Amino acid sequence: MRARFAWTVASLLAVSLLSADTAFAQQTVNFSLGIFTVRGEDARVDGDALVENRDIYVFDFQDFNGVSLGAEWLVPLGDYLEAGAGIGLTNRSVDTIYDQFVRPDNSEIEQELKLRIVPITGTLRVLPLGRSNPLQPYVGGGIGVLNWRYSETGDFIDFRTSGRPVFRDSYSAIGNAIGPVAVFGLRYAGSSFTVGAEGRYQKGEGDLDEVDFLGPKIDLGGFHYLATFGVRF
């Protein structure tokens, strides 16, 4: 149900761009590369699994910061507005160990935590200096459909059983979350290309099974710090 709704939203965003009364205006296919930084412990959603995991595993939240890739189709709506539809990818694996427990031979009990987010976004931007100015600051916002997958794989302690045996298993969850997106940036626009820098914020949360995970939520929010390159046509 959620996946169907997510793709419906994405389809509506694409249709809205196609139907814009600017079919012959100069459009841009924009590519981005940079860093995605997750929200810190004090800013994460209540019940976040990573916050709960931090009580028993050794890792830092910044370990989940990683490469951000993206592509976006930008369509002008007059001289001072621009609509965009895009897709991105962040994917990070973090190795962890138990904080206060080891095996009988004193070796570590290891796990791997993985978080993948594919944001599908629709945005509207304001260009205060207009599209005719080569130097173009912009600010805007919109909505994002965040397709996500979170997993924990490795060796775990069964605290419910006498002797606390160690067992190996893998737990995963997938879903789609909808949340706000904010963008701001600065670019140089030539006749056939653009180059610039952009900041992007996304917010969202996914639901987890409390039987498999220590928390019922996974926070999907964070900042993207991006270098951009666009091809105009």
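Just above, that's the structure.
Described in the following lines is the structure provided in the data block. (Residues numbered from 1 in each chain as written. Predicted model: local features only at pLDDT ≥ 70, side-chain atom pairs only at ≥ 80, totals over all residues. Heavy atoms only, no water.)

## Some words on the sheet that holds strand β7 (residues 193–202)
Next, step 1: Judged by pairing direction, the barrel is antiparallel, and its eight strands sit side by side in the order β1-β2-β3-β4-β5-β6-β7-β10 before closing back on the first. With strand direction ignored, the average angle separating the axes of adjacent strands in the sheet is 25°.
Next, step 2: Pairing between strand β5 (residues 135–157) and strand β6 (residues 166–189): 23 bridges, direction antiparallel. What sits directly across from W148, in β6, is G175. (Pairing = 2+ DSSP bridges. Helix = DSSP H or I, 4+ residues; strand = E, 2+ residues; numbered from the N terminus. Axes fitted to C-alpha atoms, helices over the stretch in contact; angles between N-to-C directions.)

## Looking at the pattern of salt bridges
Next, step 1: Inspection of the entire model under this criterion finds 15 salt bridges.
Next, step 2: D158 is the salt-bridge partner of R160, the closest N and O atoms lying 3.6 Å from each other.
Next, step 3: We note a salt bridge from E205 to K217, for which the minimum N-O separation is 3.2 Å. Residue E205 is found in strand β8 (residues 205–207), and its partner K217 is found in strand β9 (residues 217–219); the two are separated by twelve residues along the sequence.
Next, step 4: In the salt-bridge network here, residues are joined through shared partners; they are E72, R125, E198 and R200. (Salt bridge = Lys/Arg side-chain N within 4 Å of Asp/Glu carboxyl O.)

## Points about the environment of E198
Next, step 1: If you trace the backbone, E198 turns up in strand β7.
Next, step 2: Taking the C-alpha atoms as reference points, E198 and S32, separated by 166 residues in sequence, lie 8.6 Å from one another.
Next, step 3: Every residue in contact with E198, bar those within four places of it in the chain, is listed here: R125, Y138, V183, F184, G185, H224, Y225, L226 and T228.
Next, step 4: Within the structure, the side chain of E198 is placed 2.5 Å from the side chain of Y138, a separation counted as a polar contact. (Contact = heavy atoms within 4.5 Å. Polar contact = N/O pair within 3.5 Å; in protein donor to acceptor, adjacent residues only side chain to side chain.)

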